[in-house]
Each structure stands twice: as C-alpha cells, then as structure tokens.
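Each chain, written out:
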Amino acid sequence: MMNVIIYKISQEKKQSIQNLVDDLMSYFQDEAQGVVINEYSEDFLKATYWQKKKQKGYQYNYEKGDFDVIEEEVISAANFGIELKDEKLLVFGNKQMSQKIITIIGVASGNAYSITEFNISIEKLVNRVCSDHDVTLMKMKLSDITLEQGVLVNCAVNLMTQDNPKILALKYIQNITVITFKLANIATNITVYKSGKFSIGKILEEEKDEVIRKIIHIVS
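Residues numbered from 1 in each chain as written. Predicted model: local features only at pLDDT ≥ 70, side-chain atom pairs only at ≥ 80, totals over all residues. Heavy atoms only, no water.

Asks: Got a sec to walk through helix H2 (residues 95-108)? Specific residues and values, please.
Replies: Taking 1.5 Å of rise per residue, 14 residues should cover 20 Å, and H2 covers 20 Å from first to last C-alpha, within 8% of that figure. Listed as buried for H2 are Met-97, Ser-98, Ile-101, Ile-102, Ile-104, Ile-105, Gly-106 and Ala-108. The N-cap residue of H2 is Asn-94: its side-chain oxygen and the backbone nitrogen of Gln-96 are 3.2 Å apart. Immediately downstream of H2, the backbone of Gly-110 shows phi near 70°, a positive value. (Helix = DSSP H or I, 4+ residues; strand = E, 2+ residues; numbered from the N terminus. Expected span 1.5 Å × (residues − 1). Buried < 20%, exposed > 50% of the residue type's maximum accessible area, 1.4 Å probe, protein only. Polar contact = N/O pair within 3.5 Å; in protein donor to acceptor, adjacent residues only side chain to side chain.)

This is the structure we're talking about:
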C-alpha cells in the first residue's frame, strides 16, 4: 500500500511553475538530497524528492563467530505533484517525507507558496463516492454501532456482498471510520481513513495520473 497525503497549496507571490522548477534545481548544495523533475507545465508539476542517509547495521562474520557493525547508505524517495488550478499538493509517501517536501518548496521559492493541511470530511467524501457511477464500494469499517442499550461495537462490512452497498454506506455514514472503493477502469483499491489519510494499492505508472485526477475531483 502507498500513502497519499493531500495539502492545500496557494500562491502567495506570483511565480510560475518554471520559476519553482528553477528554484528547486538550484536549491540543493550537497549530494545528500535532491529533487528529480519528472514533468511540468504552466499549472502542474510532477517530481520526486530523494534523500540519502547512512545507517548502521549488523553482518555476521563467520570467521569471528560474531557480528560486525557495518555502515550502509540508504536512499528514501517520495513522489509529489502540484496542481495549481485545484490548489492541491499530493505527496506519495509518509508524513516525515511530506514535511521535508513542504519545507523545501517554501525555502527554495522564498515562501512564494502557502501550504496547509487539507482537512477531508469522510462524510462528505462518502456522499461524493456514493453519487459517482464510476465508483464501486468494496468495504468499510464502522464504529459505535448500537446492538442494544449500552452496548456499542465496531465492525467491518464487505460491501461487495451487499445488494445495495451505497445505500448501506449512506445509512451508517456517521459511523464510518474507513472506506475502500475502486475507480472504473483502474484495478487498484483506494482506502480513505477518517483521519483524512489515503492509501492506494499497487498501481501502474500509467494509471497514476488518472487516480490523482479522480482523487482531486472527489475531495474538491
């Protein structure tokens, strides 16, 4: 699974994507981190942030009959995309990497962009996916379902076995903590958590743009 974190990005100073690309390319002064620009136009950017770290590990030495401490270089990377018209920044990675990307964009551009958390209402999102004919609901998790007075339970529901999955999801919309769905013509599942985090299953590179477009449409 791959995490997708969404932020709101808006221009504080009039600056083109070309300016941002130039700023990012000239920002890095060492070989410990960098940004690879994959594609860009007047209002969108697709790039990859990477960083190298040295970490200690252990390797068994048969001659000594003990472990040797070794130092190895580890490279971490996270893809990110900016859609200026929709004011969205999507980071395909964890929170730590997303914070580094936000900091780099801010410092490199001279704070030309304002980047803030994008709060997703799962109730609003469920309403949207339930009205979209291109979305198939797969499963959901519910919390605080009343069995009887004073008895509340959490449960998981396989929506693929239900006759009317969207009606069922709308019925329990206030209890949904996690919902998983699939987009038309795309094989992978998308999972949304009440916290606002997205997770995407294994996806083909040629499908990524379509998934991004759909996610932006759903949350906008």
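Asks: Give a detailed account of the state of the cysteines, specifying residues and quantitative values.
Replies: Counted according to the given criterion, the structure contains zero disulfides. With no disulfide partner, Cys-130 has as its closest neighbouring cysteine sulfur the one in Cys-155, 16 Å distant. (Disulfide = S-S within 2.5 Å.)

Asks: An account of the nonpolar core is requested, with residue identities and associated values reported.
Replies: Membership of the largest hydrophobic core comes to 36 residues, with the highest contact counts inside it found for Leu-125, Leu-137, Met-140, Phe-181, Ile-190 and Phe-198. Among the elements that make up this core, the one with the highest residue count is helix H5 (residues 205-219) (six residues). When near neighbours in sequence (up to four residues on either side) are disregarded, Phe-198 contacts Met-2, Asn-3, Val-4, Ile-6, Ile-120, Leu-125, Ile-190, Thr-191, Val-192, Ile-215 and Val-219. Membership of the second largest hydrophobic core comes to 27 residues, among which are Ile-17, Ala-47, Ala-108 and Tyr-113. (Core = buried A, V, L, I, M, F, W, Y, C linked by side-chain atoms within 4.5 Å. Contact = heavy atoms within 4.5 Å.)

Asks: Now, about the side chain of Ser-98: what can you tell me, with residues and values included?
Replies: Secondary-structure assignment places Ser-98 in helix H2. Classification of Ser-98 by relative accessible area gives buried; the value is 0%.

Asks: Break down helix H1 (residues 17-27) for me, with residues and values.
Replies: For H1, the complete set of buried residues consists of Ile-17, Leu-20, Val-21 and Leu-24. Seen end-on, H1 carries its buried residues on one side only, within an arc spanning 100°. (Arc of directions from axis to C-beta.)

Asks: If you had to explain the side chain of Gln-15 to someone new, which residues and values would you point to?
Replies: Within the element layout of this structure, Gln-15 appears in the loop between strand E1 (2-11) and H1. Owing to a relative accessible area of 11%, Gln-15 belongs among the buried residues under this scheme. Residues in contact with Gln-15, not counting those within four places in the same chain, are Leu-20, Asp-23, Ser-109, Ala-112 and Tyr-113.

Asks: Provide a residue-level description of the packing of helix H3 (residues 122-130) against H5, including the pertinent values.
Replies: The N-to-C vectors of H3 and H5 enclose an angle of 115°; their axes lie 9 Å apart at closest approach. Contacts between H3 and H5 involve Leu-125, Arg-128 and Val-129 from the first element and His-217, Ile-218 and Val-219 from the second. When the residues that make up the contact of H3 with H5 are grouped by side-chain class, the tally is four nonpolar, one polar and one charged. (Axes fitted to C-alpha atoms, helices over the stretch in contact; angles between N-to-C directions. Nonpolar A, V, L, I, M, F, W, Y, C, P; charged D, E, K, R; others polar.)

Asks: Let's hear about the pattern of salt bridges: which residues, and what values?
Replies: Overall, the coordinates contain five salt bridges when judged by the stated rule. Residue Lys-85 pairs with Asp-43 through a salt bridge whose shortest N-O separation is 3.4 Å. Here the residue Lys-85 occupies a position in the loop between strand E4 (66-83) and strand E5 (88-92), and Asp-43 occupies one in the loop between strand E2 (33-40) and strand E3 (44-61), the gap between them amounting to 42 residues. Judged by relative accessible area, which is 22%, Asp-43 ranks as partly exposed. Two residues, Asp-134 and Lys-214, come together in a salt bridge whose shortest N-O distance is 3.4 Å. Of this pair, Asp-134 sits in the loop between H3 and strand E7 (135-148) while Lys-214 sits in helix H5, and the two are 80 residues apart along the sequence. (Salt bridge = Lys/Arg side-chain N within 4 Å of Asp/Glu carboxyl O.)

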